[in-house]
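Okay, here's what each chain looks like letter by letter:
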Amino acid sequence: MGSGGLELPPGDEGHEGNSADVPPGTVSLARPMETTSIGPELDWDADAWREVRTRAQRAGRAYIWLNLVEQRLRAVVAAVLRPIYEPVHGDEWVIAAAGPAGQEWVQRAVAVREVSRRKGYLLDPADDNVLSFLTLPQLRELMVQHWPCFEPYVDDRRDVELALDELEVTRNVVSRNRALSEAVLNQAERASARLLDALGAGGDVPSARRLPVDAVEDLVGDRYADVVAVHPDRVRLLRQFPAEDIFGGARRLDAVGIGLNLLVQNFSGRRLVRLAEAGCRVRLLFLNPASSAVKRRERELGMKRGELSRAVEMNILHMRRVRSRLRDPDAFQIQVYDETPRFSAYLVDGDGADGVAVVQSYLRRSRGMEAPVLVLRNGSRVVKSNEKDEGVDSGLFPTYREEFETTWVDSRPVS
């Protein structure tokens, strides 16, 4: 019986609303639809997940750069302004440095600090100061207001301000978790690198001139030994790391492989001559085109008989022509080996801490152009996660360098 005195029918099929057996005065209830879903579709398809992952990756990279810049700028501001204001104003030196023009935002930072204290958000006692709660634009304002104090330490104010202007777009996008385009991310990375360099915190890795240290590598490089990049094939390698960037300006070049196509076909003979004349010492190790190992490799790749050996011969002849044009042919050595080829390696400045190597393993059914590529940086890890590891050389670079030297000793010179 309903609240209005009307009888509600039972839910079985024998008492439908249009049934003749329904007693008078009965109210019919509509059955719920069993096949139709109610409400919006909440699941994400593969494209949606791909999009959010891309957003997260870009935002993460941008955040690392912004965090590095903000920490460095905070340290610079403290180093320059604290000795001026702290002797007079004590712990309130930041408030005094902000002056009347900055009263609003500095008082906001003070309030945020107090809230963080009460709620237990200050996990590190070193952050319990007003300076740690200033944002990037506020730190910039302190620098601009006191530019005569910073001028002896920073070369060009305009460069610093332009870099901070470029970062402001990225900072707003990341802080609000909005989509960050690849172009804006690249601009932010370049601006951050310039700014860190201007503030005296540029990369101290010698090979950064040839292969710039990435912010992610700088933070988590110890997770991957000395591998700084992995490319699915040589085409993608050259798209990101052109041959001119790899070999240009080298003072030493050691290469071992079958035909050394990465060097021979992507770096002109004229450039090699200039490189050698500028003092670069070159050692090239080709697989002997007359060896049985070449024939086995041809069968693996399904090539015609003699096709690979002729290609290797052509590359050796080309390098011999380059050597013949040098005033000091001893600076450009060419040798061949007869062992089974296991990898190709191009070691640039491999005898020093600024070395970079490009390494590929030989796969049974893939040509060198199609094989995955590792880019290595010499000097073991960029960042060491434990001080006990200071003397540990755990990178891959020394392994390939040793393999090259061993093979070189067992090889024969090409006249």
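Coordinates for the structure precede this section.
For the structure given in this document, a descriptive report is provided here. (Residues numbered from 1 in each chain as written. Predicted model: local features only at pLDDT ≥ 70, side-chain atom pairs only at ≥ 80, totals over all residues. Heavy atoms only, no water.)

Thoughts on the layout of surface pockets
One number sums up the size of the second largest pocket: a volume of about 400 Å³. Forming the boundary of the second largest pocket are 20 residues, of which G259, N261, L308, R367 and G368 lie nearest the centre. Of all elements in the fold, only α13 (292–301), α14 (307–324) and β5 (343–348) reach the threshold of two or more residues within the lining of the second largest pocket. Counting residues per element, the lining of the second largest pocket draws most heavily on α14, which supplies 5 residues. (1 Å grid on protein atoms, 1.4 Å probe; cavity = no way out; pocket = protein on both sides within 12 Å on 5 of 7 lines; lining within 4 Å. Points joined across faces, edges and corners; volume = space filled by probe spheres on them. Helix = DSSP H or I, 4+ residues; strand = E, 2+ residues; numbered from the N terminus.)

Quick notes on the packing of aromatic side chains
For the structure shown, the criterion picks out 5 aromatic pairs. With 5.0 Å between their ring centres and 75 degrees between their planes, F343 and Y400 make a pair best called edge-to-face. Linking F343 in strand β5 with Y400 in helix α15 (residues 397–409), this pair joins segments that are 57 residues apart in sequence. Taken as a pair, F343 and Y400 share a single burial class, namely buried. The structure contains a cluster of three or more aromatic residues connected by ring pairs, namely F247, F267 and Y346. The ring of W408 carries R283 above its face, with NZ or CZ at 5.3 Å from the centroid. (Phe/Tyr/Trp six-rings, centres within 6.5 Å; stacked < 30°, edge-to-face > 60°. Buried < 20%, exposed > 50% of the residue type's maximum accessible area, 1.4 Å probe, protein only. Lys NZ or Arg CZ within 6 Å of the ring centre and 35° of its normal.)

Side note on the sheet that holds strand β7 (residues 373–377)
The sheet built from 8 strands is open, its strands ordered β1-β7-β6-β5-β2-β3-β4-β8 with mixed pairing. The strands lining the two open edges of the sheet, one partner per strand, are β1 (227–231) and β8 (412–413). Strand direction decides the pairing type here: strand β4 (residues 332–337) and β8, joined by 2 bridges, are antiparallel. Directly across from V336, in β8, lies its bridge partner R412. Sheet strands touched by α15: β2 (252–256), β3 (281–287), β4, β5, β6 (356–361) and β7. Its angle to β3, the strand with the most contacts, is close to 75 degrees. (Pairing = 2+ DSSP bridges. Contact = heavy atoms within 4.5 Å. Axes fitted to C-alpha atoms, helices over the stretch in contact; angles between N-to-C directions.)

A word on a negative patch on the surface
Negative charge collects at one region of the surface, where E339, E402, E403 and D410 lie side by side. As for its placement among the helices and strands, E402 is situated in helix α15. Note on E402: relative accessible area 52%, which makes it exposed. (Patch = residues over 30% accessible without salt bridge, like charges linked within 9 Å, V, L, I, M, F, W, Y side chains within 5 Å. Areas by Shrake-Rupley, 256 points an atom, 1.4 Å probe, with all protein chains shown as cover. Salt bridge = Lys/Arg side-chain N within 4 Å of Asp/Glu carboxyl O. Lys, Arg positive; Asp, Glu negative; His and termini not counted. Charge placed at Lys NZ, Arg CZ, Asp CG, Glu CD.)

Section: the pairing of β7
Within β7, 4 of the 5 residues are buried, which leaves the element mostly enclosed by the surrounding structure. Sheet topology note: the β1/β7 ladder contains 4 bridges and is antiparallel. Following the sheet pairing, A229 is matched in β7 by V375. Pairing analysis gives 5 bridges linking β6 to β7, with the strands arranged antiparallel. Directly across from V356, in β7, lies its bridge partner R377.

Digging into the pairing of β4
With respect to burial, β4 is a largely interior element, 5 of its 6 residues being buried. With 6 bridges connecting them, β3 and β4 associate as parallel partners. Pairing of L284 across the sheet is with I334, part of β4.

Observations concerning the pattern of salt bridges
Any two side chains of opposite charge can pair, on the condition that their charged atoms come close. Inspection of the entire model under this criterion finds 27 salt bridges. One salt bridge in this structure joins R55 and E51, with 3.4 Å as the shortest N-O distance. Here E51 and R55 lie together in helix α1 (residues 46–89), a separation of 4 residues that amounts to about one turn. In this structure, R251 and D351 form a salt bridge, with 3.3 Å as the shortest nitrogen-oxygen distance. One end of the pair, R251, is in the loop between α10 (243–247) and β2; the other, D351, is in the loop between β5 and β6, and 100 residues separate them in sequence.

Describing the packing of helix α6 (residues 157–175) against helix α7 (residues 182–198)
For the pair α6 and α7, interaxial distance at closest approach is 9 Å and the crossing angle is 145 degrees. The handedness of the crossing between α6 and α7 is left-handed. Contacts from V160, A163, L164, E166, L167, V169 and T170 in α6 reach V184, Q187, A188, A191, S192, R194, L195 and A198 in α7. (Left-handed = near helix turned anticlockwise from the far one by under 90°.)

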